[in-house]
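Architecture and fold: a report
Here is how the chains run, residue by residue.
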Amino acid sequence: NLVLSVLLITLGGFAYWYEYKRAPSQNNSESTRLLKFDSKSDFESFRIVDAEKQFDLEVQCTQNCKLGELTSKWQIKKPIDFPADASNISSFLTNVAMATVVQKLNPEQNTEEKLKEFGLDGAKRESRRIEIRLKNQATPITVYLGDSAAIDDNLYVLVRGVASADAVYLVPGYLKTSLQRALTFWRSKRLFEFAASQVEKLSILPQEANDEAFYAA
């Protein structure tokens, strides 16, 4: 048992050392957000791709498209044309934007060979990505999801389409959750698409045609 305990401690120490050897540049004194969205960010659409699960979701904003806007409306365009769940969309965009950067790698290290170490090379990174389009920006912001880190359940991501081009970050692993959601999470569950304040009168009809209808204002 003593030998096994020493072996586990040694392996754990090696994993910790190797993880930080792979990503030597860090600034833990500053907690920064992955994306700098705010209440003025005007969204146009977003897309989530997970080739391994054959999942390709595209959602477009149709009304009040600012971050956190309670009256926003979204429409799924792919794989079906269907109203989207605005509340879940808002939570998703907020989670992506507010993801805390645990670590940022030096830009000069982000060669294709180096990116391969993080599961972010070539076709592999294209197979798992989140694309976000803003109305005032021609180039989409793309977050490529790479491998999980060996410690702390963190995740390597590559961000393109922002000022710090081709930046690789280590972020909390919960960002992977967006790729694991089924289509039912994204579509609207409402029977009717109108606000309660728009209702003037509710009529409940009886089962028997001869019975008097009951009206509630």
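First, a word on scope: everything that follows refers to the structure included in this document.

**Focus: helix α2 (residues 86-98)**
Across its 13 residues, α2 extends 18 Å between first and last C-alpha, which sits within 8% of the 18 Å expected from 1.5 Å per residue. Looking at α2, one finds that the buried residues are Asn88, Ile89, Phe92, Leu93, Val96 and Ala97. All buried residues of α2 lie within an arc of 165° about the axis, which places them on one face of the element.

**Concerning the environment of Asp153**
Along the chain, the position of Asp153 falls in the loop between β9 (141-148) and β10 (154-160). Sequence separation between Asp153 and Gly173 is 20 residues, and the spatial gap between their C-alpha atoms is 5.4 Å. Residues contacting Asp153, with those up to four places away along its chain left out, are Pro172, Gly173 and Lys176.

**Observations regarding the side chain of Ser178**
Looking at the element boundaries, Ser178 is found in helix α5 (residues 177-180). In this structure the side chain of Ser178 is engaged in a polar contact, spanning 3.0 Å, whose partner is the backbone oxygen of Leu175. In this structure, Ser178 is in contact with Ile48, Phe92, Ile130 and Trp186, ignoring residues within four places of it in sequence.

**Overview of the pattern of salt bridges**
Under the criterion given, the structure shown has ten salt bridges. Salt-bridge contacts for Asp56 lead to Arg47; the nearest nitrogen and oxygen are separated by 2.7 Å.

**With respect to the nonpolar core**
With 38 residues, the main nonpolar core has Leu34, Phe46, Val157 and Trp186 as its most contacted residues. In terms of residue count, α2 provides more of this core than any other element does, five residues in total. Residues within four places of Leu34 in sequence aside, it is in contact with Val96, Ala97, Ala99, Val101, Val143, Val157, Val159, Tyr169, Val171 and Leu175. Formed by ten residues, the second largest nonpolar core is a distinct cluster that contains Leu120, Tyr144, Tyr156 and Leu158.

**A short note on the sheet that holds β10**
Consider a sheet: its strands pair through backbone hydrogen bonds, and that pairing is either parallel or antiparallel. Overall, antiparallel pairing links the nine strands, which are arranged β5-β4-β3-β2-β8-β9-β10-β11-β7 in an open sheet. Two strands bound the open sheet, and with one partner strand each, they are β5 (82-83) and β7 (103-104). Here six bridges tie strand β2 (residues 43-50) to strand β3 (residues 55-63), and the two strands are oriented antiparallel to one another. Counted as the bridge partner of Val49 is Asp56 from β3. Taken strand by strand, α2 contacts β2, β3, β4 (73-78) and β8 (128-134), and its axis lies near 80° from that of β2.

The rules behind each value
- Residues numbered from 1 in each chain as written.
- Predicted model: local features only at pLDDT ≥ 70, side-chain atom pairs only at ≥ 80, totals over all residues.
- Heavy atoms only, no water.
- Helix = DSSP H or I, 4+ residues; strand = E, 2+ residues; numbered from the N terminus.
- Expected span 1.5 Å × (residues − 1).
- Buried < 20%, exposed > 50% of the residue type's maximum accessible area, 1.4 Å probe, protein only.
- Arc of directions from axis to C-beta.
- Contact = heavy atoms within 4.5 Å.
- Polar contact = N/O pair within 3.5 Å; in protein donor to acceptor, adjacent residues only side chain to side chain.
- Salt bridge = Lys/Arg side-chain N within 4 Å of Asp/Glu carboxyl O.
- Core = buried A, V, L, I, M, F, W, Y, C linked by side-chain atoms within 4.5 Å.
- Pairing = 2+ DSSP bridges.
- Axes fitted to C-alpha atoms, helices over the stretch in contact; angles between N-to-C directions.

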